[in-house]
Structures are given as structure tokens and as C-alpha cells.
Amino acid sequence: MSDTPMVAMHGVQKFFGSVQALTDIELTVAPGEVVVVIGPSGSGKSTLCRTINRLETIDEGVIEVNGVRLPEEGKALAALRADVGMVFQSFNLFAHKTVLENVSLGPIKVRGQKKADAERRAHELLERVGVDAHAHKMPAQLSGGQQQRVAIARALAMDPQVMLFDEPTSALDPEMIKEVLDTMTDLAKGGMTMIVVTHEMGFARTAADRVVFMADGRIVEENTPEEFFSHPSSDRAKDFLGKILKH
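Cut-off values and rules
- Every chain is numbered independently, its residues counted from 1 as its sequence is written.
- It should be noted that, the model being predicted, local features are given only for residues of pLDDT at least 70 and side-chain atom pairs only at 80 or more, the latter also being counted only at that level, while totals for whole chains, interfaces and linings use all residues.
- As a rule here, side-chain values come from all non-hydrogen atoms in the structure, and water together with hydrogens is ignored.
- For cavity detection a 1 Å grid was placed over the protein atoms alone, and a set of points counts as a cavity when a 1.4 Å probe fits there but cannot get out; an open set counts as a pocket when protein lies on both sides within 12 Å along at least five of seven lines, with lining residues being those that have an atom within 4 Å of a point.
- Grid points are joined across faces, edges and corners, and a volume is the space filled by probe spheres set on the points.
- We count a stretch as a helix when DSSP gives it H or I for four or more residues in a row; a strand needs E for two or more, and each element gets its number in order from the N terminus.
- Gly is put with the polar residues, along with every residue not named as nonpolar or charged; the nonpolar set is Ala, Val, Leu, Ile, Met, Phe, Trp, Tyr, Cys and Pro, and the charged set is Asp, Glu, Lys and Arg.
- Per-residue accessibility, obtained with a 1.4 Å probe over protein chains only, is compared with the maximum for each type, and a residue is labelled buried under 20%, exposed over 50%, and partly exposed between these values.
- UniProt positions are given in the numbering used here, feature names are shortened, and annotations may be inferred rather than shown by experiment.
- In this scheme, strands are said to pair when DSSP sees at least two bridges between them.
- Residues are treated as being in contact if the distance between any of their heavy atoms lies within 4.5 Å.
- The term nonpolar core refers to a set of buried residues drawn from Ala, Val, Leu, Ile, Met, Phe, Trp, Tyr and Cys, joined through side-chain atoms within 4.5 Å.
- For the purpose of charge, His is not counted, nor are the chain termini; Lys and Arg are scored as positive and Asp and Glu as negative.
- We define a salt bridge as a contact between a side-chain nitrogen of Lys or Arg and a carboxyl oxygen of Asp or Glu at a distance within 4 Å.
- Here a polar contact is taken to be a pair of N or O atoms separated by no more than 3.5 Å, where protein atoms must pair a possible hydrogen donor with a possible acceptor and residues adjacent in sequence count only if both atoms sit in side chains.

If you add up the space inside the largest pocket, you get close to 540 Å³. If you trace the largest pocket, you find 21 residues lining it, with Arg81, Ala82, Val84, Arg154 and Met158 closest to the centre. Within the residue set of the lining of the largest pocket, elements represented by two or more residues are α2 (74–83), β6 (84–87), α3 (99–109) and α5 (144–156). If you tally residues by element for the lining of the largest pocket, the top one is α3, at 5 residues. Its residues assigned to classes, the lining of the largest pocket comprises 13 nonpolar, 5 polar and 3 charged. Volume-wise, the second largest pocket comes out at about 190 Å³. Forming the walls of the second largest pocket are 14 residues, and the residues nearest its centre are Ser41, Gly42, Ser43, Gly44 and Lys45. Counting only elements with at least two residues in the lining of the second largest pocket, the list comes to β2 (19–29) and α1 (45–51). When grouped by side-chain class, the residues that make up the lining of the second largest pocket number 2 nonpolar, 9 polar and 3 charged.

Turning to unusual backbone geometry, a few remarks are in order. Although it is not a glycine, Asn92 sits at a positive phi angle of roughly 55 degrees. By relative accessible area, which is 40% here, Asn92 ends up partly exposed. Backbone geometry at Asp159 places phi at a positive 50 degrees, although glycine is not the residue there. Its place among the elements puts Asp159 in the loop between α5 and β7 (162–166). By relative accessible area, which is 45% here, Asp159 ends up partly exposed.

Moving on to the UniProt feature "domain: ABC transporter" (unreviewed entry) in the protein. With numbering matched to this structure, UniProt assigns "domain: ABC transporter" (unreviewed entry) to residues 7–241. In residues 7–241, the share of helix is 39% and the share of strand is 26%. The end C-alpha atoms are 27 Å apart.

Here 4 strands make up an open sheet; going across it, the order is β2-β1-β4-β5 and the pairing antiparallel. Edge positions in the open sheet fall to β2 and β5 (68–69), since each of these has one partner strand only. Strand direction decides the pairing type here: strand β1 (residues 7–16) and β2, joined by 7 bridges, are antiparallel. What sits directly across from Lys14, in β2, is Leu22.

Positionally, Thr169 belongs in the loop between β7 and α6 (174–189). Thr169 gets classed as buried once you look at its relative accessible area, which sits at 4%. In the structure, Thr169 is positioned 11 residues away from Val180 in sequence and 7.1 Å away in space, judged by C-alpha atoms. Leave out the neighbours within four places in its chain, and Thr169 touches Ile177, Val180, Leu181, Thr198 and Glu200.

Moving on: the environment of Val211. Note that Val211 resides in strand β9 (residues 210–215). By relative accessible area, which is 0% here, Val211 ends up buried. Taking the C-alpha atoms as reference points, Val211 and Ser170, 41 residues apart in sequence, are found 19 Å from one another.

Core analysis: the biggest nonpolar cluster contains 49 residues, and Ile38, Leu126, Ile152, Met163, Phe165, Met184 and Met194 have the highest contact counts within it. At 7 residues, α6 tops the list of elements feeding residues into this core. In this structure Met163 touches Gly85, Val87, Ile152, Ala155, Leu156, Leu187, Met192, Thr193, Met194 and Ile195, once residues within four positions along its chain are discounted. Membership of the second largest hydrophobic core comes to 26 residues, among which are Leu27, Val35, Leu80 and Met86.

Its location among the elements puts Lys45 in helix α1. Buried and unpaired, Lys45 has Glu167 as its nearest opposite-charge partner, separated by 4.2 Å. At 3.1 Å, the side chain of Lys45 forms a polar contact with the backbone oxygen of Pro40. When sequence neighbours within four positions are dropped, the list of residues in contact with Lys45 reads Val37, Ile38, Gly39, Pro40, Glu167, Val197, His199 and Met214.

For the rest of this paragraph, the subject is the pairing of strand β3 (residues 34–38). Counting buried positions over the 5 residues of β3 gives 5, a clear majority of the element. Of the two faces of β3, both are covered, the one formed by Val34, Val36 and Ile38 as well as the one formed by Val35 and Val37. By the bridge criterion, 4 bridges tie β3 to strand β8 (residues 193–197) in an arrangement that is parallel. Residue pairing across strands places Val35 opposite Ile195, the latter belonging to β8.

Right, dumping it as C-alpha cells:
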């Protein structure tokens, strides 16, 4: 295992106008580690996730992916983004392309893979996430849970070094949430470095190596799932867990 963190954030500050969305963020994620970021709405979780591939710019601080500082823009940024897979709340699939095309397009266009190779790999990944039977359908013909699993396969097709998940199940019906979380749990077991913003506490308990709790744009505490859920140390975390675990 390399000593270089897969993701490192130091002194990160982010403002939206006069509102500070992220304050003094210090976070390192080791290769193969699964970090789940939780906290109340508006706590900065999604913003933190989106700064890691510069979907949101930062005002101060440093973000590195596998030892490389995030480029500002241009080709270097595009290359780095290809190493950082991202799965969103909304599936963001290309509506006018088949499932297979959605998954194979990036490797062909960005990685320069041959179409036959990209499609073979796409089928493998669709099989892995359980939707290969739908490879030739359009996204609109699939359920939300199936579309999200296609989105995961699409991100994996780029062979990313790290996967970011920004509330990947919050737009799904309850019965579809499990199939997506199961797919993510399999990925975690397979050693993928993952940063997951989620409201799913069951996933945080079972799949995370570490839970990071945010409130008001700050990381308030971080710990193993066992310690965090059993013995939260901050009042904010106790209050948050008290509200959500009663239901």
C-alpha cells in the first residue's frame, strides 16, 4: 500500500457569496478506504464531495488526488476528472443513447479505447451491477434503481482511482435503494476508494471504514462507524443521531 493518500484536503474554504459553505476542511482518505460523510441538510456534504473533482471551485486550500494537486482547468483537469468517478443524486445518463453506449462512450472518447474493447468491458461492468440484460435499452426504459446502477457502471468504466457518490439513493424509491446500496457495498468490498455522501445510516454502519460528520460547513468529528454510532463525542452529532435514529 502506498503512503500517499488517495484524496487529501487541507485548509479548504469555500464561499457562495457571503455564505461560507466549507470551513477549514482537513480530510485524508487512504487508498481502498470507504469514507461516508453524513450530517444535517445544508452542512456542506455535497459541496465537499463536488470540490474533489472541481465541480465546485474552492477559495482557499489544497486538494490532491493521489498526490497530484487539482489543476485549475483545461486538459490536466479533464485527465484528473477521468480518474475520479462521480455518481450523482440524479442519474445524468445520456437519454438519447443506449445503456451500453452510456457506459462505453467515456472510455472510447476520453481513454481512447477501441469500441469493441470498451463495449466488452461495458458488458462486464453491467453484468457486475446486475443490469446487462438491459444493455440495449434506453435509460427511460429502466427503473430509477437500474439507471443508478448504470451510472455506477459508467463511472467504473473509466477505471477511476476513487469514486465519489453524492447522495446516490436520495432520488430513489425505497425498494430501489437497497439494490444500489448493495452494488456500492460490493464495490467497497472490492477495495475501491470511495467517498459517499448519504442519508443511509445502515450503509454508513456496515460499509464505511470511517464516518465523517459535518455540520455548518465543518467536519465536526470522524470515527469508525462502531464508535461514532455508539459514542458520538460532539453535541451536534448526538443531536443529529438522536433525531434520525428514533424513526
